[in-house]
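Understanding the architecture of this molecule
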Amino acid sequence: MSATLQSYIGGEWRNGVRTGQDISPANPGEVVAEVSMGDAALAATAVEAARAAFPAWRAMAAPARGEILRKAAELLDQRAEAVGRDLTREEGKTLAEGIGETRRAVQILRYFAGQTLEPDGETYPSNSPITFLYARREPIGVVAAITPWNFPIAIPAWKIAPALAYGNTVVWKPAEIVPLTAVHFLQALVDAGLPKGVLNLVLGKGSEVGKVLTTHEAVDAITFTGSNPVGRALQAEAIQHGKKVQLELGGKNPAVVLADANLDHAAEHVARGAFLSAGQKCTATSRVIVEQSVLRDFQDRLVALIEGWKLGDPLDAATRVGPVVSQDQMETVTGYLDAGAKEGGRVLTGGTRATNLGDGYYIQPTVITDLRKDSRVAREEIFGPVAAIIPAQSFDEAVKLANDTPFGLTSSLFTTDLSRALTFANDIHTGVVKINQESAGLEYQVPFGGMKESSSGSREQGKAAREFFTQWKTVYLDPSP
Ligand code: ADP
């Protein structure tokens, strides 16, 4: 067990008001770390530290800010195996995924370091012949970043790296069950020379420290990834207090498998989208809409594939699926499995908690079919290793079913028909569309976000990130007569 984890405010490690425990989901008897949990007063101190650090950080040349991010990327790269291992210990995704996600955070830091050399404005022809008319993007000020547990280093990286690159200071509240990964990410930036107060980490419960972040007058913008109810409540409060808000929320992402698809390829990618990281991705595949004529054939391939995947200790290199993150999450997912049984569902594989793996929060990868149309399993975000199979009589019906959800984050289509691929890409209401690829798995240089209930505010990642983390200033400059 390591030392007690603390918050980091104004360049100093700070104790909170009580101690919590960071538990291993694979082995809940193992305490990964003790955590000193902060309260609202500590969060307010963090906001004030960020506000105090803002003028100097804003004034630093953008490429100099980029150099710090680049250095942090190098340090995190050197530490990736150890950081990825700690990520796996506290979150439960496999070691390959934990290390892979850490390296993704490295790439994101490098990308936004590079963005500090990109143009930051535009010049316009003025209606006056003597006026130099230009518009430039400036930082917003203090950004609060509230992040979830499912990508404990990549999501913070894609919020914090652009916030810092574009000249903002940050108060970061990570999900309370992944504090160790948060400390590692922060440490790389601190060791790279980030000035005091530019990034402040508050360890604590969202329900206790969240209100300060949404209401404090010194917070200018809030970027949030998490659940719909928390995100919407936070948005309402933050908007009332005049803040800019960006939300990334849930998904109920469809994969459509057409009769002409390569079914082995489709099964592999559906399995990856549905079950890697134990299905705990907002981009995970959770509805598999299959053309009736290949339904049986596809189901058989998918089930055979999944049954060959090892469920178990995420630190074991042979494991494909680890535990879900917490007891709460396990109870939520098993609650959905029970509901599925009552809603007429027929389980093709899985269907319960795995009982042969000790106390760990393991749920068998589950494929379920014959659900009623209004079934909660077919309609609500589960955030676990559960895929619902839904038959469709035609391509048109498949698209209709795919769009029949309040969410609109990602989608997949498996086909060899180019025309249908293009039609699907046009007609599907999701922010990300994958053709012959799993619904999860993002690249960092392109915009990411959803439609309908899945997102609010401008997109994350790629050049699109600049939109949220900056504001325009328009300058009319005439020579003095
Ligand atoms: P998840 O299902 O991913 O845990 P949550 O919406 O519960 O989704 O959590 C996402 C993030 O929001 C976490 O960092 C959590 O601590 C934080 N959070 C939870 N409740 C609040 C709140 N009332 N105000 C602000 N942040 C909160």
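Counting starts from 1 at the beginning of each chain's written sequence and moves along it residue by residue. Local features are withheld for residues below a pLDDT of 70 in this predicted model, meaning they are given only at 70 or higher, and side-chain atom pairs are given and counted only at 80 or more; totals for whole chains, interfaces and linings count all residues. With hydrogens and water excluded, all non-hydrogen atoms of the structure serve as input to the side-chain values.

1. Quick look at the packing of helix H3 (residues 80-91) against helix H4 (residues 95-115)
Angle between the axes and distance between the axes are the two parameters that describe a pair of packed helices. As a reminder of what qualifies: Angles run from 0 to 180 degrees between N-to-C directions of axes, and those axes are lines fitted to C-alpha atoms, restricted for helices to the stretch in contact. Segments assigned H or I by DSSP are reported as helices when at least four residues long, segments assigned E as strands when at least two residues long, and all are numbered from the N terminus. The labels follow the angle: roughly parallel below 35 degrees, roughly antiparallel above 145, roughly perpendicular from 65 to 115, and oblique for the rest. By definition, turning the near helix anticlockwise from the far helix through less than a right angle yields a left-handed crossing, and turning it clockwise yields a right-handed one. Should any heavy atoms of two residues lie within 4.5 Å, those residues are considered in contact.
For the pair H3 and H4, the least separation of the axes is 8 Å and the interaxial angle reads 125°. Considering their axes alone, H3 and H4 lie oblique with respect to each other. For the element pair H3 and H4, the recorded crossing hand is right-handed. Within the contact between the two elements, H3 uses Ala-80, Glu-81, Val-83, Gly-84, Arg-85, Leu-87 and Thr-88 and H4 uses Leu-95, Gly-98, Ile-99, Glu-101, Thr-102 and Arg-103.

2. With respect to the domain arrangement of the chain
Test applied: Segmentation into domains, and thus their bounds, comes from an automatic or database assignment. As a working definition, buried area equals the accessible area (1.4 Å probe) given up by two parts on being put together, with both sides summed. Counted as a polar contact is a pair of N or O atoms within 3.5 Å, where, for protein atoms, one must be capable of donating a hydrogen and the other of accepting one, and residues adjacent in sequence contribute only when both atoms are in side chains. Charged means Asp, Glu, Lys or Arg here, nonpolar means Ala, Val, Leu, Ile, Met, Phe, Trp, Tyr, Cys or Pro, and polar covers whatever is left, Gly included.
Domain parsing of the chain yields domain 1 (4-249 + 456-472) and domain 2 (253-435). Here the C-alpha centroids of domain 1 and domain 2 sit 31 Å apart. In this complex, domain 1 contributes 21 residues to the contact, which on the side of domain 2 involves 24 residues. Overall, the association of domain 1 and domain 2 removes approximately 1800 Å² of surface from exposure, summing both partners, and the carbon and sulfur fraction of that is 64%. Of all residues in domain 1, Pro-25, Ala-26 and Trp-149 bury the most surface against domain 2, accounting for 25% of the area lost on that side. Taken together, the connections running from domain 1 to domain 2 amount to 4 residue pairs in polar contact (both at pLDDT 80 or more). When contributions to the side of domain 1 that touches domain 2 are tallied by element, the ones reaching two or more residues are H3 and H4. The element contributing the most residues to the side of domain 1 that touches domain 2 is H3, with 5 residues. In terms of residue class, the side of domain 1 that touches domain 2 is built from 8 nonpolar, 5 polar and 8 charged.

3. Details of the sheet that holds strand S16 (residues 366-369)
The following threshold applies: One bridge is not enough; two strands pair if DSSP finds at least two bridges between them.
Spatially, S15-S16-S17-S14-S13-S18-S19 is the arrangement adopted by the 7 strands of the open sheet, whose pairing is mixed. Here the strands that pair on one side only, and so sit at the sheet edges, are strand S15 (346-349) and strand S19 (432-435). Taking each pair of neighbouring strands and ignoring which way they run, the sheet shows an average axis angle of 25°. Pairing of strand S13 (residues 253-257) with strand S14 (residues 285-291) involves 5 bridges; the strand directions are parallel. Bridge pairing links Asn-253 to Thr-285 in S14.

4. Some thoughts on the layout of surface pockets
The probe, sized like a water molecule, is rolled over the atoms to show the empty space still left. As a reminder of what qualifies: Cavities and pockets were defined on a 1 Å grid built over protein atoms only: a cavity is a set of grid points that admits a 1.4 Å probe from which the probe cannot escape, a pocket is an open set flanked by protein on both sides within 12 Å along at least five of seven lines, and lining residues are those with an atom within 4 Å of any such point. Grid points are joined across faces, edges and corners, and a volume is the space filled by probe spheres set on the points.
As a volume, the largest pocket reaches approximately 1300 Å³. Where the lining of the largest pocket is concerned, the elements lending two or more residues are strand S4 (18-23), helix H7 (206-215), strand S11 (221-225), helix H8 (228-240) and helix H11 (327-342). Take the lining of the largest pocket: its biggest share by element is 6 residues, from H8. Classifying every residue of the lining of the largest pocket by side-chain character gives 19 nonpolar, 16 polar and 10 charged. Both domains that meet at the lining of the largest pocket, namely domain 1 (4-249 + 456-472) and domain 2 (253-435), each give it at least three residues. A volume near 560 Å³ is recorded for the second largest pocket. If you list the elements that add at least two residues to the lining of the second largest pocket, you get H4, helix H5 (154-165) and helix H9 (263-275). Domain assignment of the residues forming the lining of the second largest pocket places at least three in each of domain 1 (4-249 + 456-472) and domain 2 (253-435).

5. Let's talk about the environment of Thr-405
To be explicit about the condition: Think of it in three bands: residues with accessible area under 20% of the maximum for their type are buried, residues over 50% are exposed, and the middle band is partly exposed, with areas taken using a 1.4 Å probe on protein chains only.
Its place among the elements puts Thr-405 in the loop between helix H13 (395-403) and strand S18 (410-414). Since its relative accessible area comes to 10%, Thr-405 is described here as buried. A C-alpha to C-alpha distance of 9.6 Å links Thr-405 and Pro-254, two positions 151 residues apart in sequence.

6. A closer look at the sheet that holds strand S6 (residues 121-124)
Read from one edge to the other, the open sheet built from 3 strands follows the order S6-S7-S21, with strand pairing classed as antiparallel. The open sheet has two free edges, formed respectively by S6 and strand S21 (470-477), since each of these has just one partner strand. With direction set aside, neighbouring strand axes in the sheet form an average angle of 20°. In this sheet, S21 lies alongside strand S7 (residues 132-139) in antiparallel orientation, the contact comprising 8 bridges.

7. So, helix H2 (residues 62-78)
How we decide: Take the number of residues in a helix, subtract one, and multiply by 1.5 Å to get its expected span.
Here H2 spans 25 Å end to end across 17 residues, near enough to the 24 Å set by a 1.5 Å rise per residue. Within H2 the residues assigned to the buried category are Arg-65, Gly-66, Ile-68, Leu-69, Ala-72, Ala-73, Leu-75 and Leu-76. Buried positions along H2 lie against helix H1 (40-59), H3, H4, H5 and helix H6 (179-191).

8. With respect to empty space enclosed by the protein
Across all of its chains, the model carries 3 cavities of 30 Å³ or more by this definition. In this structure, the largest cavity spans a volume of roughly 80 Å³. Forming the boundary of the largest cavity are 13 residues, of which Gly-279, Ala-284, Ser-286, Ile-382 and Phe-383 lie nearest the centre. Tallied by class, the residues present in the lining of the largest cavity amount to 4 nonpolar, 6 polar and 3 charged. Here the second largest cavity is characterised by a volume of approximately 40 Å³.

9. Topic: the site of the ligand
Put simply, the test is: Residues are classed as near a molecule or strand on a simple rule: at least one heavy atom within 4 Å of it. A molecule is counted as occupying a cavity or pocket when more than half of its atoms fall within 2 Å of that pocket's grid points.
Every one of the 16 residues lining the ligand counts as a neighbour, but Thr-147, Trp-149, Lys-173, Phe-224 and Ser-227 are closest to it. The side chain of Trp-149 places a nitrogen or oxygen atom 3.0 Å from an oxygen atom of the ligand. Here Ser-227 contributes a side-chain N or O atom positioned 2.7 Å from an oxygen atom of the ligand. Here the ligand is seated within the largest pocket. At the level of secondary structure, the elements contributing two or more residues to the shell around the ligand comprise H7, S11 and H8. Per-element tally for the shell around the ligand: the top contributor is H7, with 3 residues.

10. A look at the pattern of salt bridges
Note the cut-off: When a carboxyl oxygen of Asp or Glu is within 4 Å of a side-chain nitrogen of Lys or Arg, the pair counts as a salt bridge.
Taken as a whole and judged by the stated rule, the model has 30 salt bridges. Across the salt bridge formed by Lys-159 and Glu-460, the nearest N and O atoms sit 2.9 Å from each other. Of this pair, Lys-159 sits in helix H5 while Glu-460 sits in the loop between strand S20 (455-456) and helix H15 (465-469), placing them 301 residues apart in sequence. Taken as a pair, Lys-159 and Glu-460 share a single burial class, namely buried. For the salt bridge of Asp-404 with Arg-379, the shortest nitrogen-to-oxygen distance reads 3.5 Å. You can see Asp-404 sitting in the loop between H13 and S18 and its partner Arg-379 sitting in helix H12 (residues 376-379), a full 25 residues away along the chain. A single network of salt bridges, built from pairs that share partners, joins Glu-74, Asp-77, Glu-81, Arg-103 and Arg-110.

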